[in-house]
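Coordinate analysis (summary)
The lines below spell out each chain.
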Amino acid sequence: MNITDQSIDRNANSPEQNTLLTTDVPVDTAIDIQNLSKHYTDVVALDNISLSIKDKEFFTLLGPSGCGKTTLLRIIAGFESVSAGKVFLHGKSIADLPANKRPINTVFQQYSLFPHMSVADNIKFGMQMKGSSASHINQRCEQMLALVQLSDYATRKPSQLSGGQAQRVALARALAPEPEVLLLDEPLSALDLKLRQAMRLELKQIQQETGITFIFVTHDQEEALTMSDRIAVMSAGKIQQIGSAHTIYEKPQNRFVADFIGETNMLESTVTQVIDSKGSSNALVCELTGLGQITASSSADIAPGTTGSVCIRPEHISILETAHNESQLKGTLEQLVYMGTDTQATIRLTNGASLLVRSPNSAAQKITAQPGDTVGIGTDENAARFLID
Amino acid sequence: MKSQSNSQQNNIVPANATFHNQKNKLLLPAWLVIGFFLVVPVLMMLVYSFLTKEFRGGVIWEFSLAAYDQFFFDRGLFGDEPAKIDWTYIKIYGRSALQALIATLLCLVIGFPTAYYIATRPVRSRPLWVFLITIPYWVNLLIRTVSMKFLIRDNGPLNTWLLQAGIIDQPIHLINTNLAVQLGLFYSYLPFMVLPIYASIERFDFSLSEAAADLYASRWTTLRQIILPMVKPGIIAGCILVFVPSLGAFLAPDLLGGAKNFMIGSLIEEQFKGNAGNWPFGAASSMILLIIVLLVLLIYARNESHAQGAR
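Quick look at the overall build of chain A now. Looking only at helices and strands, chain A has nine helices and 20 strands in total. Along the three orthogonal principal directions, the C-alpha set of chain A runs to about 80 × 50 × 35 Å. Buried residues in chain A amount to 51% of all 389 residues. About 17500 Å² of surface is accessible on chain A, with carbon and sulfur atoms providing 48% of the total. The average position of the 32 basic charges and that of the 42 acidic charges among the side chains of chain A differ by 6 Å.

Here it is in structure tokens:
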């Protein structure tokens with residue numbers, strides 16, 4: 001289906017047209033976004049984005065503020081029009097459907113509970129608008145209150161709730177009408193750390209219990225890593241990488257992803273040899289400028305002579321007290337910082353670059369070297385990753 | 001009529017002045033001015049209404065209930081017949097209330113969309129719109145009302161244009177009708193409706209209407225169930241600010257309504273004019289108007305505190 005650059009007029013709201021605009025995506029796809037762009041007068045908020053979100057998936061849009069993740073969420077919700085591209089919900093185009101006709105509900109960042117209604121009335125609102133029967137509404141409302149553990153709070157007003165309680169009411173209100181997709185716009189950002197951590201697990205559990213597709217927007221990588229089935233890392237209106245938490249963290253596709261998720265070391269290097277090329281997983285030998293050689297993996301096809309960076313996570317580096325062989329990387333230990341579960345070390349490499357090392361404080365791996373010592377540097381197998389600049 | 005709008009504001013704003021003792025001193029000049037120019041005239045009116053009338057205006061310092069008796073009862077030409085209820089003045093009050101009510105509704109129907117429009121403009125352009133709303137107030141109310149009288153005359157510009165455009169065959173008779181009075185009141189007090197409603201819509205969190213749309217509510221339902229309940233205080237304030245001065249209005253009914261559409265303002269004015277007046281009766285009429293207004297405000301305040309308690 002060729003739909004590139006086809007602009008959509010949201011005012012032309014014709015239901016007949018919607019059923020025709022179906023796509024040949026697999027049935028287990030909840031949301032399918034094709035070549036979506038959103039321009040404001042002089043800013044490109046979303047630049048030709050394509051992605052599909054599976055049914056019952058916990059999908060996270062992760063990125064720094066201004067990357068377009070909230071715009072994308074608002075487009076799916078129906079609060080923003082698209083400049084170009086298509087959005088499908090279970091195979092049906094929803095681009096022309098106004099927000100109140102989409103079987104998609106949202107948990108808003110500031111909760112947006114109706115202040116003049118009780119907790120129960122807030123939860124019932126969506127079901128009443130859908131025209132559900134009164135008995136169903138009451139039953140479902142109680143069920144939702146139980147789900148978020150607020151059964152005793154049905155008659156309270158939103159102003160009488162704590163942040164965490166308001167957050168759970170917002171979740172119950174959005175889940176009550178049984179949406180096909182639930183959108184969550186940084187719902188935990190207004191909570192304090194302890195509550196945020198508890199809510200992560202609770203959210204994940206509720207998602208699994210209800211079996212509803214969750215699309216979660218956050219700038220907090222820890223949130224994304226702990227909850228998501230898959231994560232889309234976004235930057236500057238583009239998707240940088242889509243994958244599981246493990247893939248995103250261990251096999252970043254580019255410098256942005258490697259840099260944004262967790263801590264990392266970037267070392268300038270040139271590819272000298274391609275050992276093994278298997279399409280998405282290639283083994284390379286890289287010359288680290290001024291340091292020596294290292295084997296690294298890459299997900300893209302790369303020719304010898306390509307320049308870029310080798311990225312190594314600090315926890316995949318170990319400090320060796322003595323140099324085992326000539327080819328090994330060496331440096332001077334500059335600083336040791338005790339951080340409870342682990343110790344963070346800064347090493348000045350022989351080419352002048354600084355290397356961050358994180359080593360667990362277990363008896364077996366405890367660093368014995370002192371600042372000023374010359375140390376050898378070992379890396380875990382497959383820890384180094386070559387990224388084109 | 002100034003006295004009423006002042007006392008009414010005291011009722012609307014909950015006075016929680018108990019715990020800023022120091023800052024209370026800042027209010028002292030205002031209290032003194034309002035106290036002097038509000039309390040003294042109202043007390044004078046109260047006293048005058050219980051005095052005996054002097055035939056060429058003024059009062060005789062002799063206690064009498066004659067003014068109130070004259071307002072409610074008819075005892076015949078010479079005052080010697082059995083008392084029966086006199087509807088003359090009660091009718092004037094009823095008509096005034098009806099005119100004020102219609103003017104208030106007109107202001108609400110036209111003022112609410114206006115206020116909504118202004119409140120949903122970009123923040124930068126809102127002051128300009130508010131400014132435009134207040135422009136008519138640069139011209140004196142008397143001049144505006146007289147010019148309105150000129151515009152809607154049978155052979156005035158409005159009728160001339162409508163005739164020339166072929167929209168009407170005969171001039172519309174507007175002057176000295178109820179409609180003219182309602183239009184005049186509407187025109188005089190529209191900003192009093194727009195500004196408080198604007199202030200409350202501006203404070204409305206429009207993410208709530210997004211939330212309502214997200215939960216399958218149509219625009220109309222969102223307006224009725226989410227926006228209106230939350231901007232209700234502004235609407236009520238606007239209605240009071242239009243209704244109360246409309247009820248006792250003098251200029252619009254006098255200039256546009258003519259003798260047939262006599263309203264409270266004109267009735268009171270006549271009692272103090274020239275030699276034919278009746279000061280105690282004018283004072284009693286004023287006191288009755290004041291009591292009606294205070295009752296309206298009391299009912300409103302009581303409803304409000306009930307609603308607060310239920311929350």
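Having seen the model, we can carry on.
As a further point, take the pairing of strand β10 (residues 238–243) of chain A. All names here are of chain A. Bridge analysis of strand β9 (residues 230–235) against β10 gives five bridges, and the strand direction is antiparallel. Paired with Ile231 across the strands is Gly243, a residue of β10. Following β9, the chain reverses through two residues before pairing antiparallel with β10; Ala236 in that reversal takes a positive phi of roughly 50°.

What follows is about the layout of surface pockets. Residue and element names in this part refer to chain B. Its boundaries defined by the atoms lining it, the largest pocket holds a volume of some 580 Å³. Put simply, the parts of the chain that give the lining of the largest pocket at least two residues each are α10 (207–214) and α11 (219–247). Top element by residues in the lining of the largest pocket is α11. It accounts for four residues. Here the lining of the largest pocket is composed, by residue class, of eight nonpolar, five polar and five charged.

Attention now moves to the sheet that holds strand β4 (residues 84–89) of chain A. Residues and elements named next belong to chain A. Across the sheet, four strands lie side by side as β2-β1-β4-β5; this open sheet has antiparallel pairing. Each having just a single partner strand, β2 (44–54) and β5 (92–93) make up the two edges of the open sheet. Where strand β1 (residues 29–39) and β2 come together, seven bridges link them in antiparallel fashion. When the sheet's bridge partners are listed, Lys38 is paired in β2 with Leu46. Packed on one face of the sheet, helix α2 (residues 69–77) meets β1, β2 and β4 and runs near 120° to β1.

Another point: the interface of chain A and chain B. The interface is formed by 25 residues belonging to chain A together with 17 residues belonging to chain B. Buried surface at the junction of chain A and chain B, summed over both partners, amounts to about 1800 Å²; 64% is from carbon and sulfur atoms. Among the residues chain A hides against chain B, the three largest losses belong to Asn100, His116 and Met129 of chain A. Together they make up 29% of the total. At the junction of chain A and chain B, the tally comes to one salt bridge.

Counting all residues, the mean pLDDT for chain A is 84, and 90% of those residues have values of 70 or more. Overall, residues 1–21 of chain A carries pLDDT values under 50, and its contacts beyond four positions in sequence, including any with other chains, amount to 42 contacts.

This next bit is on helix α5 (residues 163–175) of chain A. For α5 of chain A, built from 13 residues, the straight-helix expectation of 18 Å at 1.5 Å per residue is met to within 8% by its first-to-last C-alpha distance of 18 Å. Those residues of α5 of chain A that fall on the buried side of the exposure criterion are Gly164, Gln165, Ala166, Gln167, Arg168, Val169, Ala170, Leu171, Ala172, Arg173, Ala174 and Leu175 of chain A.

Attention shifts here to the environment of Pro229 of chain B. If you trace the backbone, Pro229 of chain B turns up in helix α11. Sequence separation of Pro229 of chain B and Ser125 of chain B is 104 residues, and the distance between their C-alpha atoms is 26 Å. Excluding its chain neighbours within four sequence positions, the residues that come into contact with Pro229 of chain B are His116 of chain A together with Leu223 and Arg224 of chain B.

With that settled, consider the nonpolar core. Ile31, Ile33, Leu72, Phe114 and Ile215 of chain A are the most contacted members of the largest nonpolar core, which totals 74 residues. With eleven residues, the single largest contributor to this core is helix α9 (residues 178–203) of chain B. Excluding residues within four positions of it along the chain, Ile33 of chain A makes contact with Ile49, Ser50, Leu51, Leu72, Ile76, Lys86 and Val87 of chain A. Residues Leu113, Ala120, Ala176 and Met199 of chain A belong to the second largest nonpolar core, which totals 35 residues.

How each quantity is defined
- Residues numbered from 1 in each chain as written.
- Chains lettered and ligands numbered in written order.
- Predicted model: local features only at pLDDT ≥ 70, side-chain atom pairs only at ≥ 80, totals over all residues.
- Heavy atoms only, no water.
- Helix = DSSP H or I, 4+ residues; strand = E, 2+ residues; numbered from the N terminus.
- Buried < 20%, exposed > 50% of the residue type's maximum accessible area, 1.4 Å probe, protein only.
- Areas by Shrake-Rupley, 256 points an atom, 1.4 Å probe, with all protein chains shown as cover.
- Lys, Arg positive; Asp, Glu negative; His and termini not counted.
- Charge placed at Lys NZ, Arg CZ, Asp CG, Glu CD.
- Pairing = 2+ DSSP bridges.
- 1 Å grid on protein atoms, 1.4 Å probe; cavity = no way out; pocket = protein on both sides within 12 Å on 5 of 7 lines; lining within 4 Å.
- Points joined across faces, edges and corners; volume = space filled by probe spheres on them.
- Nonpolar A, V, L, I, M, F, W, Y, C, P; charged D, E, K, R; others polar.
- Contact = heavy atoms within 4.5 Å.
- Axes fitted to C-alpha atoms, helices over the stretch in contact; angles between N-to-C directions.
- Buried area = accessible area lost by both parts, 1.4 Å probe.
- Salt bridge = Lys/Arg side-chain N within 4 Å of Asp/Glu carboxyl O.
- pLDDT = per-residue confidence, 0-100.
- Expected span 1.5 Å × (residues − 1).
- Core = buried A, V, L, I, M, F, W, Y, C linked by side-chain atoms within 4.5 Å.

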